[in-house]
Amino acid sequence: MKSKVTLKEIVGTKIIYAVLLTCYYWMWARRDWHDYYMTIQNVVFIFTAIFFAMQANRIRKYRKEETDELAIQNLRRTDAIGCVMDNKGV
């Protein structure tokens, strides 16, 4: 592959994981029921299956590739800044 994994892609994947976790929590914790909830559940399940399959494929392809040290360093830096902001209540 000619393109490399970018920091934007790594962060975007983390955001999608958070949204999926929120959707599954909502499906588990709700106390009411409407007819369209089954459709929402099916869409979320299909999207999750497709997303995980795509991620597994990309991991398999890029495992052979050399790691981008700058992207990893930037990701760690942004994670650390986010943790500091959360602790300060900002």
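Cut-offs applied
- Residues numbered from 1 in each chain as written.
- Predicted model: local features only at pLDDT ≥ 70, side-chain atom pairs only at ≥ 80, totals over all residues.
- Heavy atoms only, no water.
- Helix = DSSP H or I, 4+ residues; strand = E, 2+ residues; numbered from the N terminus.
- Buried < 20%, exposed > 50% of the residue type's maximum accessible area, 1.4 Å probe, protein only.
- Contact = heavy atoms within 4.5 Å.
- Areas by Shrake-Rupley, 256 points an atom, 1.4 Å probe, with all protein chains shown as cover.
- Expected span 1.5 Å × (residues − 1).

In this structure, what is going on with the overall build of the chain? I would like to understand it.
The secondary structure content of the chain amounts to 3 helices and 0 strands. Start at the N end of the chain and walk to the C end: the helices and strands fall as α-α-α. In the chain, which comprises 90 residues, the proportion classed as buried is 13%. For the chain, the share of sequence-separated contacts (at least 6 apart) that also reach a separation of at least 24 residues comes to 74%. Surface summary for the chain: the accessible area is close to 7,700 Å², and the carbon and sulfur share equals 65%.

Would you explain helix α2 (residues 37-62) in this entry?
Every α-helical turn comprises 3.6 residues, leaving residues that sit three or four positions apart pointing alike. Its 26 residues place the ends of α2 37 Å apart at the C-alpha level, agreeing with the 38 Å of an ideal helix rising 1.5 Å per residue. Of all the residues in α2, the buried ones are Tyr 37, Val 44, Thr 48, Phe 51, Gln 55 and Tyr 62. Buried residues belonging to α2 abut α1 (7-29).

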